[in-house]
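Understanding the architecture of this molecule
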Amino acid sequence: MPSTPPPLGSFSMPPPPLPSPTSSRPRHSLNASFSFGPQSLVNTMAEANTSTVSNARSYALDPTRSILQASPARSSPRLPRRAKTTGSRHPLANDNTDVFQDSIGDDGSEDEYEWSRVDRMRLWRHDALMQHLYETAAFWGDKILSWTNEPNDAFWLAQTFFLTHQYSRAERLLTRPFRTSPSRGFKEAPGVNGHFPSFPFLAADAKGKAKEVPIPTPVLAASAPSITRLPVGPSEMIDVAVEYEEGVSRLVDMSVACRYLAAQCQVRQGKWTEATEMLGEANPFRGHQRSGTTVPNLDGGIKIEASMCHLRGLLMLKLNRGEQAKHCFLEALALDVKCYEAYDQLIGGEMMSAAEEWHFVQTLAYRDQTPDDADFVKMMYSSRLRKYTHAEEHAVIRTRLVDEFGLGDNPDVLYSFADALYTQFRWADCFAVTSRILGLVSIHAPTMPLHIACLHHVSHLNSKLFILAHELVEREPESPISWYAVGVWYMTAKKWALARTYFSKTSLMDPRFSPAWIAFAHTFAYEGEHDHAVTAYSTSARMFTGSHLPLMFIGMEHIMLSNHALADEALEASHSICDGDPLLINERGVMAYNHGEFERAATLFKEALDLAQVVQSSQQAWPATYLNLGTALRKLGRLEEARAAYQKVLEIDPRNPTGLAFMGVTHHLLGDIDAAIVKYHETLSVDPINGHVLELLDLALETSAESGAFGKRGLPGGEEDWTRKMREHRDKGKQVAGRAAIADTTGPSPPMADEEMSVG
């Protein structure tokens, strides 16, 4: 089999597999001449005539074609219209014509046409498929195959089995032998005018009842077999009589579409090894003249080669080979930009960083593959990307999609707007948009996590979260998002163990649902189980390598555990993935403060706030960062700037106790004792039992009572002298409390209020 695929950008043709000895398989086995791997299909395509006119079968081997309502073993359905042909014949009864082609000729005339029995039943089969009457389609399709034994009819019967979840039957049908040419020793009986038609029971040029001819009676030679059917063994090693070896083949060896469908069946059955062999571990068409990102699809559909790469990526995820899965999805989307499922796996599964996503989506070959719709496809894909950077470009894209393309009420376009609001921490605005989306469609998979998160963050909407969770469980009990909503409700109610139970159930139902993994780790963090939280976040980081959030949360947990070295490592790794998240920059500033680098800490806090302004983030989300900035500036002795930062906190939240206390400390250091006393009293009105503020208030009152130089100008020694004075005041209080109280408080003193930092 081909080796592991190289990184994107070097799509080279893998070396062919080494041939096996001829004695390794019995001569009468189909496997003696056809490998189960896809390489034989590629070799057959390479040997086929490149002219589709002279070699119609080359269409079936072409990886750039799509699967439309046509035969996979014949030409593309988009054939040139003929002026006078089977005009009145129903298009569904003719497998090798376009189902959307008009039945009237170019000149508007219609020729009379009498359908045969097989024609009528093909119509029944296709119409039953369109009406989701799959058992009906399978019933009549089986009779058609018994009469014609054609690969095309076998393919559509296998499609019907697949749609009814009969994967084993479909796989069996696709891997059994079919005749590709008349067998030796078999003579066809003469048909109309002495010539037997190309279809066993159809006279192509006849009309009316003459269209239906009797079943021919075979003329057997002395050495011919006594049956006309191909014998099929019960195992995967299909035994075929020697007489038929030259003219038989499996559908998977004749058609790329059949091989893709067979691999789909094997994946559904959990046959990972067999599916890998059927598809190949790497794209076998890579480097071929008919393959490539700039080669357009001939019939306007989706390249079967891209679909095979997408299925190969899903298979690699099942085998826990995430990096190979990522390359398969990248190749699928590069081969055909219309393959949205590969895009959804890359973006929804967070396999790339925000910068990698943007670069990859912007450089796809839209013009070469979809020249008429290039701008539209590019904007739709760009609108789904993460909103930490390129805020202006995202706004322009949303405006164009609404104004130029009239998609103002499209759920996907509205989701892009909701995602931008969520990134800006504007929970209420985001909830309004997500509610609009769910008013248009009952369930929109990308929107549901945002909607549930907004119900969690906005306190007065918690009751709606409870109702939504119950409704989802009743309507969609098999959906992971239903149980995720239940888990978020229990997390909102601070029932951490129950929340973990439902998050675990969600991740078991869909291992690639990243919000469940993050929320599962959050429950440990809220509960104070920081070691368990680090383990859970690490699992999430390993699964979703393109997301910076798990690593950032790991760093925050290590800050809580005072593991500064590990915290630095995690935060820097997170920053290498995404450098546009203001919350991450705030955490890096906290670590700089803990290391005593106050100047760098102040710079990082300012950078976080500036970036929050760029992405138009809600000011309600950043009082902690303003507090951190004020504390770092106060440590640097820049008291006026510190006071301005604390004032910003109070503008956002006038009853913030930490902001009031730190404002009082700043006034105290500036020598404005009266203003400091006022702020201390305001703090105690919000937090009456804050011991640190009580001590600060006592010190300020004593200073004011002394009415000395210290009371007028503050401590001449600056903050260090002020800290020493605070320690003396505390010791004085202990002496007044008595000897017993002194004995109880001889341990290490708690950290000062001004020495604490706010972790986001």
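Computed from a predicted model, the values in this text were never measured in an experiment. (Residues numbered from 1 in each chain as written. Predicted model: local features only at pLDDT ≥ 70, side-chain atom pairs only at ≥ 80, totals over all residues. Heavy atoms only, no water.)

Counted under the stated rule, the structure contains 20 aromatic pairs. Summarising the aromatic geometry, the rings of tyrosine 422 and tryptophan 427 are spaced 5.2 Å apart at their centres and angled 65 degrees between planes, so their arrangement reads as edge-to-face. Each residue in the set Tyr422, Phe425, Trp427 and Trp622 is aromatic and connected to the rest through ring pairs, giving one cluster. Note that arginine 176 overlies the ring of phenylalanine 178, its terminal NZ or CZ placed 4.1 Å from the centroid. (Phe/Tyr/Trp six-rings, centres within 6.5 Å; stacked < 30°, edge-to-face > 60°. Lys NZ or Arg CZ within 6 Å of the ring centre and 35° of its normal.)

Looking now at the pattern of salt bridges. Between side chains of opposite charge, a pair can form as their charged atoms come close. Considering all chains together, one arrives at 27 salt bridges under this definition. Two residues, lysine 271 and glutamate 171, come together in a salt bridge whose shortest N-O distance is 3.1 Å. Taken together, the residues span a long stretch of sequence, with lysine 271 in the loop between helix H7 (256-268) and helix H8 (272-279) and glutamate 171 in helix H5 (residues 167-174) at a distance of 100 residues. Lysine 271 gets classed as partly exposed once you look at its relative accessible area, which sits at 24%. Between aspartate 419 and lysine 387 there is a salt bridge, and its shortest N-O distance comes to 3.1 Å. Of this pair, aspartate 419 sits in helix H16 (residues 411-423) while lysine 387 sits in the loop between helix H14 (374-383) and helix H15 (391-403), and the two are 32 residues apart along the sequence. The network of salt bridges with common partners includes Arg122, Arg125, Glu150 and Asp153. (Salt bridge = Lys/Arg side-chain N within 4 Å of Asp/Glu carboxyl O. Helix = DSSP H or I, 4+ residues; strand = E, 2+ residues; numbered from the N terminus. Buried < 20%, exposed > 50% of the residue type's maximum accessible area, 1.4 Å probe, protein only.)

Moving on, we get to the confidence of the model for the chain. Taken over all residues, the pLDDT of the chain has a mean of 77, while the share at 70 or more is 69%. For the chain, per-element mean pLDDT is lowest for strand E3 (residues 219-220), which scores 30, and highest for helix H20 (residues 480-492), which scores 96. Contacts for the low-pLDDT stretch residues 48-54, under 50 throughout, to residues beyond four places or in other chains number eleven contacts. Confidence over residues 69-110 falls short of pLDDT 50; this stretch has 90 contacts with residues more than four positions distant or in other chains. (pLDDT = per-residue confidence, 0-100. Contact = heavy atoms within 4.5 Å.)

What follows covers helix H17 (residues 427-440). An α-helical turn contains 3.6 residues, so a residue and the one three or four places further along point in the same direction. Across its 14 residues, H17 extends 20 Å between first and last C-alpha, which sits within 8% of the 20 Å expected from 1.5 Å per residue. Every buried residue of H17 is accounted for by Cys430, Phe431, Val433, Thr434, Ile437 and Leu438. For H17, the angular spread of buried residues about the axis comes to 165 degrees, placing them on one side. Projecting away from the buried face of H17 at angles above 90 degrees are the exposed residues Ala428 and Gly439. On the buried face of H17, the contacting elements are H16, helix H18 (447-457) and helix H19 (462-475). (Expected span 1.5 Å × (residues − 1). Arc of directions from axis to C-beta.)

Close contact between helix H21 (residues 496-509) and helix H22 (residues 514-527) brings their axes to 9 Å; oriented N to C, the two are set at 160 degrees. Considered as vectors, H21 and H22 are oriented roughly antiparallel to each other. Taken as a pair, H21 and H22 cross one another with a handedness that is left-handed. Along its contact with H21, which presents Trp496, Ala499, Arg500, Phe503, Ser504, Thr506 and Ser507, the element H22 presents Ala516, Trp517, Ala519, Phe520, Thr523, Phe524, Tyr526 and Glu527. Considered class by class, the residues forming the contact of H21 with H22 number nine nonpolar, four polar and two charged. (Axes fitted to C-alpha atoms, helices over the stretch in contact; angles between N-to-C directions. Parallel < 35°, antiparallel > 145°, perpendicular 65-115°, else oblique. Left-handed = near helix turned anticlockwise from the far one by under 90°. Nonpolar A, V, L, I, M, F, W, Y, C, P; charged D, E, K, R; others polar.)

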